[in-house]
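Fold and geometry: a report
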Amino acid sequence: MAENHFLKCNTDDFQEISTGNSIEAGDENIILNPRFEDGLNNWSGRGCKILLCESLGNGKVLPLSGKSFASTTGRTQNWNGIQQDITGRFQRKLAYEISAVVRIFGSPAAAAVVQATLWVQKPNGKEQYIVITRVQATDKEWVQLQGKFLVNSVAAKVVIYLEGPPPGVDILLNTMVVKHAQKIPPSLPPDTENVLYGVSIITNNNLIDGLNGWSPLGSCTLNVGQGAPRILPPMAIDSLASHEPLNGRYILTTNRSQTWMGPSQDITYKLNLFVTYQVSAWARVSSVRNGPQNINVALGLDNQYVNGGQVEAVDDRWYEIGGSFRIEKQPSKVLLYVQGPLAGVDLMVSGLQIFPVDRKARFKYLKKRTDEVRKRDVILKISGCYCDDFFGTSIKVTQIKNNFPIGSCINRTDIDNENFVEFFKNNFNWGVFGNELKWYYTEPQQGNFNYADADDLLDFCNKNGVQVRGHCIFWEVESTVQPWVQSLSKNNLMIAVQNRLTGLLTRYKGKFKHYDVNNEMLHGSFYQDRLGKDIRANMFKTASQLDPSPILFVNDYHVEDGTDTRASPEKYIKQIIDLQDQGANVGGIGVQGHIDSPIGPIISSALDKLGVLGLPIWFTEIDVSSINEYIRADDLEAMLREIYAHPAVDGIMLWGFWELLMSRENAYLVNAEGDVNEAGKRLLALKQEWLSNASGNVNEDGEFLFRGFYGSYTVEIIAFEKKITHTFSLEKGDFPLVVEINI
């Protein structure tokens, strides 16, 4: 950027300034000279120069506050920007929040992303980059950049800097404050006292009063027809308060000139905040001549689209739509509408209902089902030379460990935090690496390999008796494929794929229990498009040849929630069968579980369908999100209870649990500094609930009977003034386990 664009700049401050100043007494801000009152002291350019300015652009750019601001100049790379060394002024394992006022100058696009990044250098010289936050900045006005960060590692040097816009675009900084983050006050449980669970909020959903309450969205035409299913949609039956059959009437929508046109209803004043609503309907289209038609129950919340459930119609039969939603901020208007098919295709909707879900009632049912699925009867049979009379012989049974896999995602930097490690070791028996095994991480540039972080994580898990899933060998979504792989010719790509398989599977032979072979094949087709349909099955076959020991999984998202027509259980089943027909030894089904407002019957329905294949199902990446930790806890409990009660599921993996170390916002169970929130407490309570303990006296036949969860047990027997201790393991079985204990 030419200097004549600046009206007044302090050119004496082009050089980088040392960071020797000390922080003022009582000032919590760890940034020195945050408002540039001391010129550019303590600030420097990262790969560029910085200037102190009172204005820019012939006086059009003025400071938002104070007398001056800093501007970068001569940026030739995206990572160039303004920086400050904060080494020694922060504490590791503490959460910090940044608040900065930023702007750009000289951008031909008038807008660009400005990102705050932390560069951490460890004592061994290894570098780490932590993306703190980003904002869309403009050349028209100053904007606020806000976010949080956490440093787990012991650091030799830490630098905070701004980066992001294209080369040639200047970053302007008016102020920056970095302080120890204030802890968010605990949430209050939402008030649901007057919620009528299982009762639809839709007016005239059975069309008894014609089209009263319904309006066409757009210029389409609505009429009432007869001939829809009279039975309730199966996924709704268990949640509804009443089970009256439908009357066969439906809304017929014709003259649709846009995909969004359909029947609509204003439900603004019928919704409660923080209440989970289930969506249920029958839907049909008049024609599929132009291909499958999407049918979607949608909500417009102040111009924001919310997906309430959808289905793909491949013929002219009636389809069930099942979905859910929840609102957590008060909207001024909520419009329900049904949309999706192509213009000119008639749309039919019957029995559309939206109703609050009583999760506690569902939990009672799941507890009974869990007892049937995850427990086994046990007979402790006491014998010995002194056992002619068992009067007074008492027994105490304690379960030490539940064998069911419950794990979490971990990343290399996570295990530098002792508090994180302690929680992980105490509560999880499986792990999966968030990024460290992915191809873009292990080989970011061709021939430049990085297995050190994966090795560290694997060593950590092995030392702590944690089993490990391998995630993932390939990722089929194009945006996740590193640029050098995307640029390869077909022949060279085939060679690279083979090298990836050979390198990874040979290096870690026998060390991973599972592999996600080609992640998200329902949502991407990078390798298949370039290498042909056979490549997916060949990945499975080659992986199995190189390492026969792990179970090879497919892995995808939105399979369980009814919100994505690309990922229906039916399409997942077809994909798996197609792979098996090509010789791929698919050994497990991965259902990720990144879900909003989970509904038990919808999840269970998907699992019932997938379970027909007879393959073990794992939920591989569970996270739930709500700004209210009680609702987050309810969501998590709904997921975990539903999964644990289903006989087709063999394991559960959370996609993280620690604040600022997760990819999804408002999903954490433990805050950045180790405080367990309501969602975390719910997880711990469930883990305790899924341990069996029993005590009592031996019967006259020398037996003690109880029913327990699978896992490891200790038994204490007090008889004839002596105490005997015994251990045993309870595995899955069709008949009672008889444990002989000789005293």
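Residues numbered from 1 in each chain as written. Predicted model: local features only at pLDDT ≥ 70, side-chain atom pairs only at ≥ 80, totals over all residues. Heavy atoms only, no water.

1. Remarks on the packing of helix H12 (residues 629-644) against helix H13 (residues 678-689)
Two numbers describe how H12 lies on H13: the axes approach to 7 Å, and their chain directions differ by 30°. Classified by the angle between their axes, H12 and H13 sit roughly parallel to one another. Viewed along their axes, H12 and H13 form a crossing whose handedness is right-handed. When H12 is examined against H13, the residues Glu 629, Tyr 630, Arg 632, Ala 633, Asp 634, Leu 636, Glu 637, Leu 640 and Arg 641 are found in contact with a partner set consisting of Glu 678, Ala 679, Arg 682, Leu 683, Leu 686 and Glu 689. (Axes fitted to C-alpha atoms, helices over the stretch in contact; angles between N-to-C directions. Helix = DSSP H or I, 4+ residues; strand = E, 2+ residues; numbered from the N terminus. Parallel < 35°, antiparallel > 145°, perpendicular 65-115°, else oblique. Left-handed = near helix turned anticlockwise from the far one by under 90°. Contact = heavy atoms within 4.5 Å.)

2. Considering the state of the cysteines
On inspection of all chains with the given rule, the structure shows 0 disulfides. Unpaired in terms of disulfides, Cys 48 finds its nearest cysteine sulfur in Cys 53, a separation of 13 Å. In this structure Cys 48 comes out as buried when scored by relative accessible area, which is 11%. (Disulfide = S-S within 2.5 Å. Buried < 20%, exposed > 50% of the residue type's maximum accessible area, 1.4 Å probe, protein only.)

3. Let's talk about helix H10 (residues 569-581)
Helical geometry note: an α-helix holds 3.6 residues per turn, so side chains three or four residues apart project in the same direction. Given a rise of 1.5 Å per residue, 13 residues ought to cover 18 Å, and the 18 Å separating the end C-alpha atoms of H10 matches this to within 8%. Inspection of H10 places Pro 569, Tyr 572, Ile 573, Gln 575, Ile 576 and Leu 579 among the buried residues, and these make up the whole buried set. What you see down the axis of H10 is that its buried residues fit within an arc of 160°, all on one side. Seen from the open side of H10, the exposed residues pointing more than 90 degrees away from its buried face are Lys 574 and Asp 581. (Expected span 1.5 Å × (residues − 1). Arc of directions from axis to C-beta.)

4. Section: the UniProt feature "domain: GH10" (unreviewed entry) in the protein
The sites that carry the UniProt feature "domain: GH10" (unreviewed entry) are, in the present numbering, residues 394-686. The distance separating the terminal C-alpha atoms of residues 394-686 is 28 Å; by composition the span is 40% helix and 19% strand. (UniProt positions renumbered as here; feature names shortened; annotations may be inferred.)

5. Overview of the sheet that holds strand S36 (residues 737-742)
Overall, mixed pairing links the 3 strands, which are arranged S33-S22-S36 in an open sheet. In this open sheet, the two strands that pair with only one neighbour each are strand S33 (703-709) and S36. Within this sheet the neighbouring strands show an average axis-to-axis angle of 25°, counted without direction. With 7 bridges joining them, strand S22 (residues 375-383) and S33 adopt antiparallel strand pairing. Paired with Lys 375 across the two strands is Phe 709, which belongs to S33. (Pairing = 2+ DSSP bridges.)

6. Let's talk about the UniProt feature "active site" (unreviewed entry) in the protein
UniProt tags Glu 621 as "active site" (unreviewed entry). Looking at where Glu 621 falls in the secondary structure, it is placed in strand S30 (residues 617-622). For Glu 621, a relative accessible area of 5% translates into the label buried. Setting aside residues no more than four positions away along its own chain, Glu 621 makes contact with His 471, Asn 555, Val 591, Gln 592, Gly 593, His 594, Met 653 and Trp 655. In terms of polar contacts, Glu 621 uses its side chain to reach the side chain of Asn 555, at 3.1 Å. (Polar contact = N/O pair within 3.5 Å; in protein donor to acceptor, adjacent residues only side chain to side chain.)

7. Considerations on the domain arrangement of the protein
The assigned domain composition of the protein is domain 1 (44-180), domain 2 (215-357), domain 3 (375-400 + 692-742) and domain 4 (405-677). Taking only C-alpha atoms, the centre of domain 2 and the centre of domain 4 are 32 Å apart. Listed per partner, the contact involves 20 residues of domain 2 and 19 residues of domain 4. Between domain 2 and domain 4, the buried area comes to about 1,400 Å², and carbon and sulfur atoms account for 57% of it. For the domain 2 face of the interface with domain 4, the top three residues by lost area are Met 235, Phe 274 and Arg 326, together amounting to 35%. Our count for the contact surface shared by domain 2 and domain 4 stands at 2 salt bridges. Of the charged contacts in the structure, one is a salt bridge between Arg 326 and Asp 635, with a shortest N-O distance of 2.7 Å. Between the two partners, domain 2 and domain 4, sit 8 residue pairs in polar contact (both at pLDDT 80 or more). (Domains from an automatic or database assignment. Buried area = accessible area lost by both parts, 1.4 Å probe. Salt bridge = Lys/Arg side-chain N within 4 Å of Asp/Glu carboxyl O.)

8. So, empty space enclosed by the protein
Evaluation of the coordinates by the stated rule reveals 4 cavities of 30 Å³ or more. Broken down by element, the residue count for the lining of the largest cavity peaks at 3 residues, all from strand S26 (residues 467-475). Looking at the lining of the largest cavity residue by residue, the classes come out as 7 nonpolar, 2 polar and 1 charged. Looking at the lining of the second largest cavity, the elements with two or more residues in it are helix H2 (359-374), helix H11 (600-611) and H12. (1 Å grid on protein atoms, 1.4 Å probe; cavity = no way out; pocket = protein on both sides within 12 Å on 5 of 7 lines; lining within 4 Å. Points joined across faces, edges and corners; volume = space filled by probe spheres on them. Nonpolar A, V, L, I, M, F, W, Y, C, P; charged D, E, K, R; others polar.)

9. Some remarks on the sheet that holds strand S10 (residues 157-163)
Through backbone hydrogen bonds, the strands of a sheet pair up, either in parallel or in antiparallel fashion. As summarised here, the arrangement of the 5 strands in space is S2-S5-S10-S7-S8, forming an open sheet in which the pairing is antiparallel. Each edge of the sheet is formed by a strand with only one pairing partner; in this case those strands are strand S2 (44-46) and strand S8 (127-138). Going across the sheet, the axis of each strand differs from the next one's by a mean of 25°, ignoring polarity. Pairing geometry for strand S7 (residues 111-121) and S8, over 11 bridges, is antiparallel. Along S8, the bridge assignment pairs Thr 117 with Val 131.

10. Topic: the packing of aromatic side chains
Counted under the stated rule, the structure contains 32 aromatic pairs. A ring pair is formed by Phe 474 and Tyr 527, whose centres lie 5.4 Å apart and whose planes are at 65°; its orientation type is edge-to-face. Taken together, the positions of Phe 474 in strand S26 and Tyr 527 in helix H8 (residues 526-531) put the pair 53 residues apart, joining distant regions of the chain. Overall, the relative accessible area of 1% leaves Phe 474 in the buried class. (Phe/Tyr/Trp six-rings, centres within 6.5 Å; stacked < 30°, edge-to-face > 60°.)

11. Thoughts on the pairing of S7
Of all 11 residues in S7, 8 are buried, a share of seventy percent or more. Between the antiparallel neighbours S7 and S8 lie 5 residues, among them Gly 125 with a positive phi of about 90°. By the bridge criterion, 7 bridges tie S7 to S10 in an arrangement that is antiparallel. Considered in S10, the bridge of Ala 116 is made with Leu 162.

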